[in-house]
Number of protein chains: 2
Amino acid sequence: MTETLPLKPIDADIVDKLTATVAEREAIATVVRDVVERGLRNVYFVGAGGSIICSYPAHYLLQQKASFPAFQVQSDELNTAVPALMGPGSLVVLASYTGTTKETVAAAKTAKATGATVIAAAKAGSPLAEAADVAFTGKSDLFELVVAFELLAGTGAELDTEAVDQALAALPAAVRDAVEQAEPLLADIAEAFKDEPITYVLGSGPSYGWAYGLAMCFLQEMQWKHAAAFNSGEFFQGAFEMVDDDTAVLLWIGDDASRPMGERAKSFLDQYCKKAQYVDVRDLELPGIPESVRGEVSPIVVGALANRLAQHYESARGHDLETRRYMFKVEY
Amino acid sequence: MTETLPLKPIDADIVDKLTATVAEREAIATVVRDVVERGLRNVYFVGAGGSIICSYPAHYLLQQKASFPAFQVQSDELNTAVPALMGPGSLVVLASYTGTTKETVAAAKTAKATGATVIAAAKAGSPLAEAADVAFTGKSDLFELVVAFELLAGTGAELDTEAVDQALAALPAAVRDAVEQAEPLLADIAEAFKDEPITYVLGSGPSYGWAYGLAMCFLQEMQWKHAAAFNSGEFFQGAFEMVDDDTAVLLWIGDDASRPMGERAKSFLDQYCKKAQYVDVRDLELPGIPESVRGEVSPIVVGALANRLAQHYESARGHDLETRRYMFKVEY
C-alpha cells in the first residue's frame, strides 16, 4: 500500500498573489507606454522552466493581436545566441520568483547589453531585480499577461478594454473558485495516475505551457515521475502511437482559439484510451469574467489547476513536493 | 531474448535527396528574390511533426542573423489562430513530403488567404503542392535551410556566401560520411537503450528539433517506446531530477552557438548518469564544409544521425519501423 500524506489545503494566497500583480498594472502600463513612445519594435519573453511556461498565454495573445513581433526565448538560448532583432526598441520581459535563477539573471544582462528595455517579475533586491531596468514583485502567473494587455492597449490594438478591466479585477477570485470547482476531478486524476510508470500531458495554444509545466515541474521535478508533454496537435504526428487503453494521458482542453485541437485529441482518446483524463476549462465557471475575453484570461486558470493537481499527487503518493535530488543542492 | 531484424544498409539515397534540394537552390532564390523585392515583412515556418522539426536549423539561423522576424508555427495552431502579422509581405514555408498531411494542407490555405506568399516542399501534384504558390520537390531536411540562406543573401545580411556555396555543394556527401563515422556509436546506443522503459533525449539550439524528433517520430511512433525530449537548458529546470545512474539519456551536442548548453548537460550527466549516451557533432569530420559555416550546416547532420539511429533500434529490437497502430490506418 502506498503511504500517503495529508492533502494540503488550497493555497491560501492564490487570490493575494494574483491581486498583487493586478495592483501593479498601472506601474506596468507606465513602463509600457514609455517603451511604446520611444518606438517599440518587438517583445521577447525570456525565462527558464516555470518563468517561460508562464509566458505562453501572453505570447499567444500577442501573436494573435499585436502589430509587433513577440517571441519566447529560453534564457540560455538567449545567452548563447542573441537574436539579431533584439536591441533598442525591444522590450524584454523576464521572470524568476526567487530572482536568482542564474541563466535568467545572465539573460537580463545579455538583453540589457543590446540596448533593450528589460523588465522582470522578481523578488525585490534579488539579482534579477537588480539586473532589470524596472522590476515588479507580483509573484503570479499573471505578470506576462498584464504586460501583454498593456502592450496591446498602448499600441492601439483592437481590444475590449472595459472587458479586460473587468476580467483582471475578477480573475483572482475566479481562479480560486475554479480550483475549488475542479477539486474532485483533480483528486480523481491524482488517484488514477499515482502509480503510472509514465504520464503524457497534452495541451494546445496557451495551455501547452502548463502541459509542459505539469510534466516537467510537477511530475518530474517534484514527484520524480516520468512524464512527457505534447502539443495536442503534434500528438497526432507520432506520440499517439504510444496510446492504448492502459496509457495515462491527461489532456487540458482550453477555452481559447486552439480549442478544436483539444477536441480532436479528446475524440481520439475517447475511442482508444479508456484511461485518459480530461480537464476542460469550459466546464468551469469563472465568475465575473466577461465572455468576450474568456479565451484570453482562462489560460491562467490552467496553471492554478496544475499547481493544485501537484498537491493531490503529493497526498496520494506520499511524496513531498519539496524533495529534491539535485536542484538547489548540487552544482550544475 | 529479443528477436532482432537485419540491420538495413545506410539509406542509399541520402546523398541524392540532399543533392536534389541543393539543385533547387536557384529556383528557391528566384522566389525569395521576388518576395524580397515586393517587400518582405516576415517569415513563418509551418508544419507538423517532421516538417516543423526540419525547420529548426533554418529558424535558428534567421533568429541570429536576419533583419526580419522569423517564426515557427505548428500547422493546426495556425489554422485555429492566424497570427496578426501574417499577410502580404509574409513568406510562409511549409513541408510535407507526402504532401497530404491534412493540417499542413489546410495551413497552406489558411496562410494563402491572408495574402502571404506560400512555398512548400511536397510531392509534385500533391494537395500541398497544389495549395502552395510555388512547390519544390527536393525531399530532404535541407529545404528550409536553403530558403534561410537565400533569404539572408537576398536581404543583405552578413554572410560568407562563398563558404555557404562550398558548404551546400559538399554537404550531401559530408552527411553520408558523418553517418558512416557515427555508425559504431549509433549501434552501441541502440544496443544500450533497446530495453529501456523510457528514454530522455536532449538537444539545444538547432539540435533541439531532432531531440524532439527522435523522441516522437522514431522512438514513439516507429518503435513504440516511451520517450521525452527536453531542451538541454530546460533539463535543469526540472527533468534532471529524474536522472540517476540507471536513467537512459541521450544528449545531442551540437557544434553551433548553443554548444555551451550541451556541454553543461554533459558535465552534469558525466557525474550523475553513468548510462547517458552522447553524440557530439564536433567529433565528426565534415569533409568540404568550411569552418566558418559549420555551425549553420552541421545541424543537418543531426537529423541524418537520428534517422540512422532509428534503423539500429529497429534491428536491435526486432521492431519494424513501418508498423503503426493508428497513423494512416484509422480516422483521427
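Residues numbered from 1 in each chain as written. Chains lettered and ligands numbered in written order. Predicted model: local features only at pLDDT ≥ 70, side-chain atom pairs only at ≥ 80, totals over all residues. Heavy atoms only, no water.

Undergrad: So, the interface of chain A and chain B: which residues are in play, and what are the values?
TA: With 66 residues of chain A at the contact, the number on the chain B side is 66 residues. Summing both partners gives a buried area of about 5600 Å² for chain A against chain B, and 57% of it is carried by carbon and sulfur. Applying the counting rule to chain A against chain B returns four salt bridges. The partner of Asp76(A) in a salt bridge is Arg264(B), and the shortest N-O contact between them spans 3.6 Å. (Contact = heavy atoms within 4.5 Å. Buried area = accessible area lost by both parts, 1.4 Å probe. Salt bridge = Lys/Arg side-chain N within 4 Å of Asp/Glu carboxyl O.)

Undergrad: Residue-level account of the domain arrangement of chain A, with values.
TA: All names here are of chain A. Considered domain by domain, chain A is made up of domain 1 (14-154) and domain 2 (172-317). Between the C-alpha centres of domain 1 and domain 2 the distance comes to 26 Å. At the junction of the two partners, domain 1 supplies 19 residues and domain 2 supplies 22 residues. Interface area, domain 1 with domain 2, both sides summed: about 1600 Å², of which 82% is carbon and sulfur. Considering only the surface of domain 1 that becomes buried against domain 2, Ile-53, Tyr-56 and Tyr-60 emerge as the three largest contributors, covering 35% of it. (Domains from an automatic or database assignment.)

Undergrad: Tell me about the relation of the copies chain A and chain B, and name the residues and values.
TA: Between the two copies, chain A and chain B, the superposition gives an RMSD of 0.0 Å; the rotation angle is 180° and the shift along the axis is 0.0 Å. Interpreted geometrically, this transformation is the action of a two-fold axis. By C-alpha distance to the rotation axis, the residue of chain A lying nearest is Ala228(A), at 2.6 Å. (Least-squares fit on C-alpha atoms with pLDDT ≥ 70 in both.)

Undergrad: Which residues make up the pairing of strand S8 (residues 248-253) of chain B, and what are the values?
TA: All names here are of chain B. With six of six residues buried, S8 is to be regarded as a mostly interior element. Residues Ala-248, Leu-250 and Trp-252 point to one face of S8 and Val-249, Leu-251 and Ile-253 to the other, with burial holding for every one of them. Taken together, the four bridges between strand S6 (residues 198-203) and S8 define a ladder with parallel strand orientation. Residue pairing for S8: Val-201 is matched across the bridge by Leu-250. Taken together, the four bridges between S8 and strand S9 (residues 277-280) define a ladder with parallel strand orientation. Paired with Ile-253 across the bridge in S9 is Asp-280. (Buried < 20%, exposed > 50% of the residue type's maximum accessible area, 1.4 Å probe, protein only. Helix = DSSP H or I, 4+ residues; strand = E, 2+ residues; numbered from the N terminus. Pairing = 2+ DSSP bridges.)

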